[in-house]
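The lines below spell out each chain.
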Amino acid sequence: MSPDTKFTNSSLEDLAQRRMVIEAVSPLIDGGRFAAKAVAGWPLAVSADIFGDGHEVFAAAVVLPDGSETRMAFIDNDRWGCEVTFDTPGPARFSIIAWRDLWGAWARDTRKKIDAGQDVKVELMEAAQIIAQAKAPKGEAKALKALATAARKGDAETLLTPDAARLMARIGPRANVTRIERDVPVWVDRERAAFSAWYELFPRSAGPEGRHGTFRDVIDRLDYVADLGFDVLYFPPIHPIGTTNRKGKNNALRAEPGDVGSPYAIGAPEGGMTEVHPELGTLDDFDALVAAARDKDLEIALDIALNASPDHPWIDEHPDWFERRPDGTIKFAENPPKKYEDIVNFRYYNDDGTPNAPFWAAVRDIFLFWAGHGVLCFRVDNPHTKPFPFWEWIITEVRAQHPGAIFLSEAFTRPKIMKRLAKIGFNQSYTYYTWRNTKGELAEYLTELTTEECADYMRPNFFTNTPDINPYFNHSSGRPGFRTRAIMAASLSGNWGLYSGFELCEDDWLPPKDEYLNSEKYELKHRDYDAPGHIKDDIRLINRIRRTEPAMRDFRNLRFYNASDDRVLYYGRFDEAAGSYLLFHVLIDPLNPAHFEFEVPLWEFGLPDDGSIGVTDMLYGNSFDWDGKSHFLGLDPHERPYAIWKLSPPEAAE
Ligand SMILES: O=P(O)(O)O[C@H]1O[C@H](CO)[C@@H](O[C@H]2O[C@H](CO)[C@@H](O)[C@H](O)[C@H]2O)[C@H](O)[C@H]1O
């Protein structure tokens, strides 16, 4: 009597489809709870550990929802990988399948047997059986028939040709096809989410001295910003500003007559987050600015700060949208130890724990309103002080209508919170760059950002400074430190930015904090953008290199190399497919020169240690050869605090 094959816990089919093992899939964020990030048109590397029992030959492929397959290649130690490309921004997914490759195993083993002089008559019968299982589409039927004939005639050599291997890899039978249990979610962004250069200015400061700036004044500043090579122009909030508890200069708790107030204290009788400050102009003026910027390939980014001044119209219209204290008064906002006396807190959840749905919907509509006015880049103020489900919902809702929307998270908070915000959908994240200054700190931080799992979902935006952060390093660095910090921000990260004044090496600070003296957050600021000592040439140069060198796009290609001085950060950005290879030396010490030895990474090009490689100095334009691996270089804070080299390896030169 045969044993009972009605297995209680699995069907036979199921057991067949689980014979292969596919594990440690990458990218896969929290088991698929969150989408990994990709960029439309950029290759996404997919990999997994794939193996099966015995000494069989295996094969695997990444499968997209349209059924298209990209074959994975064996890398090492049961790791397989390939690249796939998504063309359109929006939600996407992939699956992975693996199978036993019957023909591959047959060909490998038969070749060995023939080489050992063994008889392969039975193997030829096996070949005929495998060929009979192949399913040839019209165009390949003839080739398959030829293989069947060869098997019948005992022509092993024809069966073992590379052409036969390729044909059978395409159409040969797949045994025990195993598929990962769930598709892997991916969010596909447009390129600017991963590769952008932001310039921040206060529109109210864009006018001539002594007058409140307007959107029309900003139109006149567009050429300046575009000429520096930026592609996103970002404004702190542009809405009506409250007068109750208005802050005065230098964060004074009382404003003096004429003080303009913090633009983050949003809301006045003229309106809230969907109105513009009357002194800036009208919505029509704003639309004109967006259009003029677009003509210069500049995208406008707005600050979405969920702050209400006590004068915000919603306070009367929607009293239940605000947090209240037991005595019925509204709670003022804070980000301890900072206190924001000029703003109050919104209420995200009701007392019964359910979302304050009308308020959530109203915030969504703010984003949609500005998207309707051509704004698809949003810098979100303090997102970590608002609930995560709220952001996840908002981002999903906005993206459903605008898959190209970009959300930059301004969360200077604990690392895991920053990462969670990136997982739930923020496309870009502010980082700790402004506080990472030594070679060790920078290398360690960049290694984390580029190689750990967070690289699959978190995209740093390296701002050199912000209206809130006047970096300690620059208080005493002088111009050399401004130059190197800008060059590093722009070359270590795909996204970078600066807040206006950095290009003029502004360093007046308000001790003991890393804040600006006479901060523009509380007053208009008029600058001479041509004042001597600026670093505009450095900014133009690095933004031009970013635009022209494909190696600058995906920051995960960053590699550090050896330089014999701990004050010199030495790194490379290579894009082999595009033939773009850059090396950077940056002198971190803004006060003293360095003369050091460094290694040209000839090994990256398969060249021997005594090989030679062509190089162009991107600062001065001269080209020459580096012969051999070891070289010396001098950097001087005042003459040349950094060097950028473009390599031309021998193949590329030919
Ligand atoms: O709390 P962070 O350091 O992340 O700063 C962000 O949010 C602050 C609150 O929106 C904002 O603070 C500024 O606006 C406040 C409200 O008007 C005002 O009380 C603060 O003095 C002013 O700094 C900060 O600019 C923003 O980046």
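All values derive from a computational prediction rather than experimental measurement.

Rules used throughout
- Throughout this document, residue positions are counted from 1 along each chain, in the order its sequence is written.
- Since the coordinates come from a predicted model, pLDDT governs what is reported: local features require at least 70, and pairs of side-chain atoms require 80 or more to be given and counted, while whole-chain, interface and lining totals use all residues.
- As a rule here, side-chain values cover all heavy atoms of the structure and leave hydrogens and water aside.
- Segments assigned H or I by DSSP are reported as helices when at least four residues long, segments assigned E as strands when at least two residues long, and all are numbered from the N terminus.
- Partly exposed describes any residue whose relative accessible area lies between the buried limit of under 20% and the exposed limit of over 50%, with all areas from a 1.4 Å probe on protein chains only and scaled to the type maximum.
- Contacts are residue-level and defined by heavy atoms, with any inter-residue pair within 4.5 Å sufficient.
- Using the Shrake-Rupley algorithm and a 1.4 Å probe, accessible areas are obtained, with residue cover drawn only from the displayed protein chains.
- In this tally, Lys and Arg are treated as positive and Asp and Glu as negative; His is ignored, and so are the chain termini.
- Charge coordinates come from a single atom per side chain, which is NZ of Lys, CZ of Arg, CG of Asp or CD of Glu.
- UniProt positions are given in the numbering used here, feature names are shortened, and annotations may be inferred rather than shown by experiment.
- Polar contacts, as used here, are pairs of N or O atoms within 3.5 Å; protein pairs need one atom able to donate a hydrogen and one able to accept it. Residues neighboring in sequence count only if both atoms are side-chain atoms.
- Any Lys or Arg side-chain nitrogen found within 4 Å of a carboxyl oxygen on Asp or Glu counts as a salt bridge.
- The directions considered for the arc run from the helix axis to the C-beta atoms.
- Using only the protein atoms, space was sampled on a 1 Å grid; points where a 1.4 Å probe fits but cannot get out form cavities, open sets with protein on both sides within 12 Å along at least five of seven lines form pockets, and lining residues are those with an atom within 4 Å of a point.
- Grid points are joined across faces, edges and corners, and a volume is the space filled by probe spheres set on the points.
- For this scheme, ten residues count as nonpolar: Ala, Val, Leu, Ile, Met, Phe, Trp, Tyr, Cys and Pro. Four count as charged, namely Asp, Glu, Lys and Arg, and the remainder, Gly too, count as polar.
- Domain segmentation is taken from an automatic or database assignment of domains.
- Side-chain atoms within 4.5 Å link the members of a nonpolar core, which is a set of buried Ala, Val, Leu, Ile, Met, Phe, Trp, Tyr and Cys residues.
- Residues are labelled near a given molecule or strand when at least one of their non-hydrogen atoms is within 4 Å of it.

Now for the overall build of the protein chain. The helix and strand inventory of the protein chain stands at 16 helices and 28 strands. Its C-alpha atoms give the protein chain principal-axis dimensions of roughly 100 × 65 × 40 Å. For the protein chain, buried positions account for 55% of its 654 residues. Considering only residue pairs separated by 6 or more positions, the protein chain has 74% of its internal contacts joining residues 24 or more positions apart. Accessible surface for the protein chain amounts to roughly 28,900 Å². Of this, 50% is attributable to carbon and sulfur atoms. Side chains of the protein chain give 75 positive and 101 negative charges; the mean places of these two sets differ by 5 Å.

So, on to the UniProt feature "binding site: alpha-maltose 1-phosphate" (unreviewed entry) in the protein chain. UniProt tags Lys247, Asp342, Asn382, Lys521 and Tyr522 as "binding site: alpha-maltose 1-phosphate" (unreviewed entry). Within the secondary structure, lysine 247 is located in the loop between strand S12 (232-235) and helix H8 (283-295). When neighbours within four sequence positions are excluded, lysine 247 is seen to be in contact with Ala252, Leu253, Ala255, Asp259, Gly261, Lys339, Tyr340, Glu341, Asp342 and Tyr522. Reaching out from lysine 247, the side chain makes a polar contact with the backbone oxygen of lysine 339 at a distance of 3.4 Å. With respect to the element layout, lysine 521 can be found in the loop between strand S20 (495-499) and helix H15 (536-548). Judged by relative accessible area, which is 8%, lysine 521 ranks as buried.

Throughout the structure, instances matching the rule amount to 46 salt bridges. Residue aspartate 189 is joined to arginine 459 by a salt bridge in which the shortest nitrogen-to-oxygen separation is 2.8 Å. In this pair, aspartate 189 sits in strand S10 (residues 184-189) while arginine 459 sits in the loop between helix H13 (439-451) and strand S19 (460-463), placing the two residues 270 residues apart along the sequence. Given a relative accessible area of 1%, aspartate 189 falls into the buried group. According to the relative accessible area criterion, arginine 459 is buried, its value standing at 9%.

With omega at 0 degrees, the peptide bond leading from serine 26 into proline 27 counts as cis. Within the fold, proline 27 resides in the loop between strand S1 (21-26) and strand S2 (36-39). Following proline 511, the chain continues to proline 512 via a peptide bond in cis, the omega torsion being 5 degrees. Take proline 512: it is sitting in the loop between S20 and H15. Notably, asparagine 250 is not glycine yet its phi reads approximately 55 degrees, a positive angle.

A word on the environment of alanine 165. Assignment of secondary structure puts alanine 165 in helix H6 (residues 162-171). Sequence spacing of alanine 165 and glycine 497 is 332 residues, and the spatial spacing of their C-alpha atoms is 51 Å.

Every buried residue of H6 is accounted for by Ala164, Leu167, Met168 and Ile171. Seen from one end, H6 has its buried residues packed into an arc of 95 degrees, which puts them on one side. Looking at the packing, one finds that the buried side of H6 touches helix H2 (102-115), helix H3 (121-133), helix H4 (141-153) and helix H5 (156-159).

Within this structure, the stated rule accounts for six cavities of 30 Å³ or more. Of the voids in this model, the largest cavity is the one considered here, and its volume is about 180 Å³. Contributing to the lining of the largest cavity are 19 residues, with Val39, Trp42, Arg459, Asp554 and Arg556 lying nearest its centre. Put simply, the parts of the chain that give the lining of the largest cavity at least two residues each are S2 and strand S3 (43-51). Tallied by class, residues from the lining of the largest cavity come to eleven nonpolar, two polar and six charged. Looking at which domains feed residues into the lining of the largest cavity, each of domain 1 (9-188) and domain 2 (191-552) supplies at least three. Taken as a whole, the second largest cavity holds about 90 Å³ of empty space. Lining the second largest cavity are Phe202, Pro203, Arg204, His212, Pro236, Pro237, Ile238, His239, Ile241, Pro263, His277 and Leu280.

Membership of the largest hydrophobic core comes to 121 residues, with the highest contact counts inside it found for Tyr199, Phe235, Phe286, Phe367, Trp370, Trp391 and Trp496. Here the element with the most residues in this core is helix H10 (residues 357-372); it accounts for eight residues. Of all hydrophobic cores here, the second largest spans 26 residues; its members include Leu44, Val46, Val62 and Phe94.

Checked against the element boundaries, glutamate 523 lands in the loop between S20 and H15. Despite its burial, glutamate 523 pairs with no opposite charge, the nearest such side chain being lysine 249 at 5.3 Å. Sequence-distant contacts of glutamate 523, that is, excluding residues within four places in its chain, are made with Arg204, Ser205, Lys249, Val260 and Asn518.

Looking now at the site of the ligand. Around the ligand, 18 residues are found, and the nearest of them are Lys338, Tyr340, Asn382, Asp468 and Tyr522. With respect to the ligand, the side chain of tyrosine 340 contributes an N or O atom lying 2.4 Å from an oxygen atom. The fraction of the free accessible surface of the ligand (550 Å²) that becomes covered by protein chains is 96%. For the shell around the ligand, the leading source of residues is strand S15 (residues 338-344), giving four residues.

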